[in-house]
Amino acid sequence: MNDQAPRARQQQTRQGAGRRPGKPYRRPKKDPARLIAFEALRAVDERDAYANLVLPPLLGKAREQPGFESRDAALATELVYGTLRRQGTYDAIISACVDRPLREVDPPVLDVLSLGTHQLLGMRIPAHAAVSATVELARVVLGDGRAKFVNAVLRKIAADEFDTWVERVAPPYEEDAEEHLAVVHAHPRWVVSALWDALGGGRAGIEDLLAADNERPEVTLVARPGRSTTDELLAAAGVDGGLPGRWSPYAVRLAEGGEPGALQAVKDASAGVQDEGSQLVALALAAAPIDGPDARWLDGCAGPGGKAALLAALAAQRGASLLAAEKQPHRARLVERSLAGNPGPTQVVTADGTRPPWREGAFDRVLVDVPCSGLGALRRRPEARWRRRPDDLNGFAPLQRGLLREALRSVRVGGVVGYATCSPHLAETRVVVEDVLREGRTSAEWIDARPLLAGVPALGDGPDIQLWPHLHGTDAMYLALLRRTS
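Presented here is an overview of the structure given in this document. Predicted model only: the values in this text are computed from it and were never measured.

### Quick word on the sheet that holds strand S2 (residues 242–244)
Moving on, step 1. Spatial ordering of the open sheet is given by S2-S3-S1-S4, a layout of 4 strands whose pairing is antiparallel. Every interior strand has two partners, whereas the edge strands, S2 and strand S4 (271–273), have only one. With strand direction ignored, the average angle separating the axes of adjacent strands in the sheet is 30°.
Moving on, step 2. With 3 bridges joining them, S2 and strand S3 (residues 251–254) adopt antiparallel strand pairing. Residue pairing for S3: leucine 243 is matched across the bridge by arginine 253.
Moving on, step 3. Helix H14 (residues 276–287) contacts strand S1 (220–223) and S3 of the sheet and is inclined by roughly 30° relative to S1.

### What to know about the packing of aromatic side chains
Moving on, step 1. The final tally for this structure, using the stated rule, is 2 aromatic pairs.
Moving on, step 2. Ring geometry for tryptophan 358 and phenylalanine 363: centres 5.8 Å apart, planes at 85°, overall edge-to-face.
Moving on, step 3. Residue tryptophan 358 is classed as buried on the basis of its relative accessible area of 13%.
Moving on, step 4. The class for phenylalanine 363 is buried, based on a relative accessible area of 7%.
Moving on, step 5. Ring plane angle 75° and centroid distance 6.4 Å describe the contact between tyrosine 419 and tyrosine 478, whose orientation is recorded as edge-to-face. Residue tyrosine 419 is located in strand S9 (residues 411–421), and its partner tyrosine 478 is located in strand S12 (residues 478–484); the two are separated by 59 residues in the primary sequence.
Moving on, step 6. Geometry around tyrosine 50 places arginine 381 over its ring, the cationic atom sitting 4.2 Å from the centre.

Definitions and cut-offs
Residues numbered from 1 in each chain as written. Predicted model: local features only at pLDDT ≥ 70, side-chain atom pairs only at ≥ 80, totals over all residues. Heavy atoms only, no water. Pairing = 2+ DSSP bridges. Helix = DSSP H or I, 4+ residues; strand = E, 2+ residues; numbered from the N terminus. Axes fitted to C-alpha atoms, helices over the stretch in contact; angles between N-to-C directions. Contact = heavy atoms within 4.5 Å. Phe/Tyr/Trp six-rings, centres within 6.5 Å; stacked < 30°, edge-to-face > 60°. Buried < 20%, exposed > 50% of the residue type's maximum accessible area, 1.4 Å probe, protein only. Lys NZ or Arg CZ within 6 Å of the ring centre and 35° of its normal.

Laid out in C-alpha cells, this is it:
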C-alpha cells in the first residue's frame, strides 16, 4: 500500500455483455440494500462525495417504497461504511485475485468487488450467500459478462478467511512495520506514520488506535444547558435507548440504531448531535480561569454550529454573549439554525477570521476550531483517509496560523484563546501553536488544560490536550489554551 489512494478512479461508461446463444435469460433480482450501497460508493468515487451526506437521501427515498425495512437500511449502511473503512485492505486482496493491475479494472466493477469482499471477509454472511447476492448485483449494474468476472474473483476470495488473506498480502511487521499496519488496518502509510508520531509509544498503542478508526462510532447527543437536560434526552430515547456520556455532563450516547433526528429536542435545536470530544473542547474553554470581565465570547470558526451552540448556552448561564463568525455563507446559515432559541444574546456574522471585522481585544474568550485534515474523525468519514495527501497539510498551514494569530489579537489581555483541531497530526496541532507564539506578534502563555477536564484520563503530557478514539471513545480532538499577556 503506497501513499496514494488505493485505486486509481476514472470515469467509464457501463458496457453491456452478451450471453451464449440459446441460453435462457433470467432477469437479475434487484436487492434494494445492495443497490443503495453501490450507488453510494459510486457517488463517493465519481463526485468525491461524503458517504454521510449521500447515504441518508438514498435511504429516505427507499423507505418510501413498500417492503423496504429497517434491516435493509442497516445492511446498506454497514455495506457502505464497512467497505469504505477497509477499502485499502480489500484492494490489496482483490489485486491478488485478478490478472491485471487494479487501475485497469473498471471503477464500478471494483466497487461491486469491494462490496462482495466486505460481505465475505467483514460480515457474518455465509460465503455462498455473499457471492450469490453480489453476482446478482453485478448483473443488475454491470451486465452479465462482467458479472462472470465478479463471480470468478469472489470465489477466489471466499477460499480463505480475512486473517489468512492479510497474512498473505501484508509484509511482515518485522520487515516494514508501517506498511504492515497500513495493509492490516486499512490506512494509507503516511497516515499511519503521522498518527504514530503523534501518539508515541510502541506497537500496541498504534494498533489499538488504527483498530478504533475502523469501528462504527456511537451517535452522541449534547443537551444544551438551559435548554434541555440529559435526563430529558434519556427519557426521550426510551428504555435501553441511550446511556450517559463518559466524560461530558451534557452527553448522551444513543443505542445502536437510534435515530437522533426523530427526537424533538434535536428538531428544535435544544439538543444536538455532537461528539463528546467536541463537547470537551467547549467545556474546557468555558472553564478556563480568567481575571476581569467575562461577558463577550467569540467562536471564530463557527460552522456548522455544534460548538457555538454549546458555548452560547454556557455563556447565557453567566450572562455573557456569543458572537459566532463563519466565512462560508451556507455554513453560517447552519450556525443560525443551531443557535435558534438560545436564551442568551447571540449574533452570527459571515466573516473571515483571518481578516476580522471586530476590533482588537474585543473578547474575553475566543475559540478557533480551525479547518484541518480531519485525521481525527476517520471513524465518521472513512473515505477521507483515501483522499487526503501529505501535501494537503501545506495548504492548511497558513490558514491555521492566520486564524490563531488573529484569535490572539481578538482577545483582551488576560483573556483566553482555545485553538482546536479535529486532527492529532503534529503539524496541525502543537507545531502551529509553537510557531505562532514564537513569532511574538501577540504575547501569550500556555494554560494547562488538563485540570479543566477532571476525570478524563490519558490527556497527554500537557499543557495541551489530545483525545483519542481508542482511549476516550471520542474523535481525536486537540486543544491548546492560551492566555494573552500583552
